[in-house]
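An overview of the molecular structure
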Amino acid sequence: MTLQGILVLDLFALALLLWVLNLVRHGRLYVGYGVIFVAAIIGTMLLLSVPWLQTTVTRLIGAVFPASALTLLALCFIVLMLLYILTQITIVSNRLSKLVQQLAIDRARAEARHVASDQRIKTE
């Protein structure tokens, strides 16, 4: 990869890093997700900026060009993030379902108590 390409991608990564940190600071991004993104951005910057590391990863993956190796790593990261986020969404969905069921049970009990007390008042 050319020096100009590395510099452009590093500047883009720095902008992303600042954006992610700002999102975490304002509470718009969960800290756990922020840590994952910060680690991925820093890892990508290191991979781009250190030539011997870039060559090693390219050889390990079996790619001919470093851009092919980076693309494969990016696709793997996207799939892992999708899996992680969908797992978290499933957990939240299950918790929400249990919460709604409990709320419905509590409201039904309260309504039953209210009806019972109304009947008691009428009979007295």
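A brief report on the enclosed structure follows. Within any chain, residue numbers begin from 1 and follow the written order of that chain's sequence. It should be noted that, the model being predicted, local features are given only for residues of pLDDT at least 70 and side-chain atom pairs only at 80 or more, the latter also being counted only at that level, while totals for whole chains, interfaces and linings use all residues. Excluding hydrogens and water, the side-chain values take into account all heavy atoms of the structure.

1. Section: the overall build of the protein chain
Working definition: helices are DSSP H or I runs of at least four residues, strands are E runs of at least two. Numbering for both runs from the N terminus. The helix and strand inventory of the protein chain stands at four helices and zero strands. Going from the N terminus to the C terminus, the protein chain shows its helices and strands as α-α-α-α. Against the globule reference of 14 Å for 124 residues, the protein chain gives a C-alpha radius of gyration of 26 Å, more extended than a compact globule. Dimensions of the protein chain, computed from the C-alpha atoms along their principal axes, are close to 90 × 30 × 15 Å. Relative to its 124 residues, the protein chain shows a buried fraction of 16%. Sequence-distant contacts in the protein chain: of pairs separated by 6 or more residues, those separated by 24 or more amount to 43%. The globule rule used for comparison is 2.2 Å times the number of residues to the exponent 0.38, while the radius of gyration itself is calculated over C-alpha atoms. Only protein chains enter the accessibility calculation, which uses a 1.4 Å probe. A residue is then buried if its area is under 20% of the maximum for its type, exposed if over 50%, and partly exposed in between. Contacts between residues were defined by any pair of non-hydrogen atoms, one from each residue, lying within 4.5 Å.

2. Side note on the packing of helix 1 (residues 3–25) against helix 2 (residues 31–49)
The convention used is that axes are lines fitted to C-alpha atoms, helices contributing only their stretch in contact, and that angles between N-to-C directions extend from 0 to 180 degrees. Closest axis-to-axis distance for the helix 1/helix 2 pair is 10 Å, and the angle between their directions is 165 degrees. Regarding the angle of helix 1 to helix 2, the classification is roughly antiparallel. For the pair helix 1 and helix 2, the sense of crossing is left-handed. For the pair helix 1 and helix 2, the contacting residues are Ile6, Leu9, Asp10, Ala13, Leu14, Leu16, Leu17, Val20, Leu21 and Val24 in the first and Val31, Gly34, Phe37, Val38, Ile41, Met45, Leu48 and Ser49 in the second. When residues are sorted by character, Ala, Val, Leu, Ile, Met, Phe, Trp, Tyr, Cys and Pro go into the nonpolar class, Asp, Glu, Lys and Arg into the charged class, and all the rest, Gly among them, into the polar class. Tallied by class, residues from the contact of helix 1 with helix 2 come to 15 nonpolar, two polar and one charged. Convention used here: angles under 35 degrees read as roughly parallel, angles over 145 as roughly antiparallel, angles from 65 to 115 as roughly perpendicular, and any remaining angle as oblique. For a crossing to be left-handed, the near helix must be turned anticlockwise from the far one by less than a right angle; the clockwise case is right-handed.

3. Here's the deal with helix 2
One fewer than the residue count of a helix, multiplied by 1.5 Å, yields its expected span. The end-to-end C-alpha distance of helix 2, which contains 19 residues, comes to 26 Å, matching closely the 27 Å that a straight helix rising 1.5 Å per residue would cover. Restricting attention to buried positions, one finds in helix 2 the residues Tyr33, Gly34, Val38, Ile41, Met45, Leu47 and Leu48.

4. Details of the nonpolar core
Throughout, nonpolar core names a set of buried Ala, Val, Leu, Ile, Met, Phe, Trp, Tyr and Cys residues whose side chains join them through atoms within 4.5 Å. Membership of the largest hydrophobic core is limited to nine residues, which are Ala13, Leu17, Val20, Leu23, Leu29, Tyr33, Val38, Ile41 and Met45. Breaking this core down by element, the ones donating at least two residues are helix 1 and helix 2. Residue contacts for isoleucine 41: discarding those within four places in its chain leaves Ala13, Leu16, Leu17 and Val20.

5. Re the layout of surface pockets
Over the atoms, a rolling probe the size of a water molecule traces out where space has been left empty. Grid points spaced at 1 Å and placed over the protein atoms alone form the basis of the search, with a cavity being a set where a 1.4 Å probe fits but cannot get out and a pocket an open set showing protein on both sides within 12 Å along at least five of seven lines. Lining residues have an atom within 4 Å of a point. Grid points are joined across faces, edges and corners, and a volume is the space filled by probe spheres set on the points. Looking at the largest pocket, its volume works out to about 500 Å³. If you go around the largest pocket, you meet 18 residues; those closest to its centre are Ala40, Ile41, Thr44, Ala74 and Phe77. For the lining of the largest pocket, the secondary-structure elements that each account for two or more residues are helix 1, helix 2 and helix 4 (66–123). Taken together, the residues that form the lining of the largest pocket break down as 15 nonpolar, three polar and no charged.

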